[in-house]
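Spelled out, the chains give:
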Amino acid sequence: MYTVIGFPRTRAMRVMWTLEELGQDYELVPAMPQSPEVLALNPLGKVPVLKDGDHLLTDSVAICQYLADKHGALTYPAGTPERAHQDAVTQFTVDEVEGALWTAAKNSFIHPEELRVPEIKRVCAAEFATAMQRLEVMIGDGPFVMGETFTVPDILLGHAAGWARAAKFDVPETGPVAGYFDRVTARPAFKAALLRGKDAGA
C-alpha cells in the first residue's frame, strides 16, 4: 500500500486523484509543507511525498507519471510519439498554467511580505488567460487533452482549474475549455479523492 504525505489542498491532491484512477489503496498523512514531518522526508520541505515500500518519491508530476508508468494506465508508453506529445502537454501545464498560478501564490502569501511583488499578479492573470486560449486549441475535438485517452496531464490540468478558481483567476465558464474542465472533474476518481481529503479533516 502506498502512503501519501501532504495536505490534500496542495498538489498532494494530484497524487490522490491518480491513485484513485488506478484503483490503488493508499494511506493519507495530511502534513503541511515545511512541517518537521515533511522536512524529515524531503529536505525541500515540499509536498507531496509518496512512500512506495522503501522508496520516497517527491514532486507531484514525477509521482503521478511514475504511478501511471508502473501500473500501465493514464499514459502512453515511453519511447512512443504519443508519449512525447503527452510529455509536451505536461510541460505546457507546468510552465504555462501552473507557472502563472504559482508565481501569483508566492507573491500573495508564500514569500515574506518584504519580498512580494503584488503587481506581478496582473501579469500572471494575463499569462493564465493566454494559456487557456492555447489549451482550447490543444483540446480540439477532445474529449481529453490527448484525445480519447484520459492521461496524467488531464489530472494536472483538472487540479490547476480548481487552484485557479480558488485564486480568483478567470477560469472559462463557457466554451470548450469549460466543458473540458467539467468532464475531468466529474470523474468518480476525482470525487473520491476530494471525499478522502474531507474525511481526513483537510
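Here goes a summary of the coordinates provided. Predicted, not measured: the structure shown is a model, and the values here were computed from it.

### Quick word on the sheet that holds strand 3 (residues 49–52)
Inference 1: With mixed pairing, the 4 strands of this open sheet are ordered in space as 2-1-3-4. This sheet does not close on itself; its edge strands, each paired only once, are strand 2 (26–29) and strand 4 (55–58). The mean angle between the axes of side-by-side strands here comes to 20°, regardless of whether they run parallel or antiparallel.
Inference 2: Docked against the sheet, helix 1 (residues 12–22) engages strand 1 (2–5), strand 2 and strand 3, running at close to 155° with respect to strand 1.

### Remarks on the pattern of salt bridges
Inference 1: In this structure the tally under the stated criterion is 7 salt bridges.
Inference 2: The residue Lys70 makes a salt bridge to Asp52 at a minimum N-O spacing of 2.7 Å. Within this pair, whereas Lys70 is found in helix 3 (residues 60–71), its partner Asp52 is found in strand 3, the two being separated by 18 residues in sequence.
Inference 3: With a closest N to O distance of 3.1 Å, Glu96 and Arg134 form a salt bridge. With Glu96 in helix 4 (residues 81–110) and Arg134 in helix 5 (residues 120–139), this pair connects stretches of sequence that are 38 residues apart.

### Notes on unusual backbone geometry
Inference 1: A cis amide bond links Val47 with the next residue in sequence, Pro48, at an omega value of 5°.
Inference 2: Mapped onto the secondary structure, Pro48 falls in the loop between helix 2 (36–39) and strand 3.
Inference 3: Here the bond from Gly142 into Pro143 is cis, since omega is 10°, no more than 30 degrees from zero.
Inference 4: For Pro143, the position within the fold is in the loop between helix 5 and helix 6 (152–166).
Inference 5: Even without a glycine there, the phi angle at Asp59 is positive, about 75°.
Inference 6: Topologically, Asp59 is positioned in the loop between strand 4 and helix 3.
Inference 7: A relative accessible area of 46% places Asp59 in the partly exposed class.
Inference 8: Positive phi, normally seen in glycine, also occurs at Lys168, with a value near 65°.
Inference 9: For Lys168, the location among the structural elements is in the loop between helix 6 and helix 7 (176–185).

### Some details on the packing of helix 1 against helix 3
Inference 1: Following both chains from N to C, one finds helix 1 and helix 3 inclined at 10°, their axes separated by 9 Å at the closest point. It follows that helix 1 is roughly parallel to helix 3 by the angle criterion. Between helix 1, through Arg14, Val15, Thr18, Leu19 and Leu22, and helix 3, the contact on the second element is made entirely by Ser60, Val61, Ile63, Cys64, Leu67, Ala68 and His71.
Inference 2: Classifying every residue of the contact of helix 1 with helix 3 gives 8 nonpolar, 3 polar and 1 charged.

So, how was this worked out
- Residues numbered from 1 in each chain as written.
- Predicted model: local features only at pLDDT ≥ 70, side-chain atom pairs only at ≥ 80, totals over all residues.
- Heavy atoms only, no water.
- Pairing = 2+ DSSP bridges.
- Helix = DSSP H or I, 4+ residues; strand = E, 2+ residues; numbered from the N terminus.
- Axes fitted to C-alpha atoms, helices over the stretch in contact; angles between N-to-C directions.
- Contact = heavy atoms within 4.5 Å.
- Salt bridge = Lys/Arg side-chain N within 4 Å of Asp/Glu carboxyl O.
- Buried < 20%, exposed > 50% of the residue type's maximum accessible area, 1.4 Å probe, protein only.
- Parallel < 35°, antiparallel > 145°, perpendicular 65-115°, else oblique.
- Nonpolar A, V, L, I, M, F, W, Y, C, P; charged D, E, K, R; others polar.

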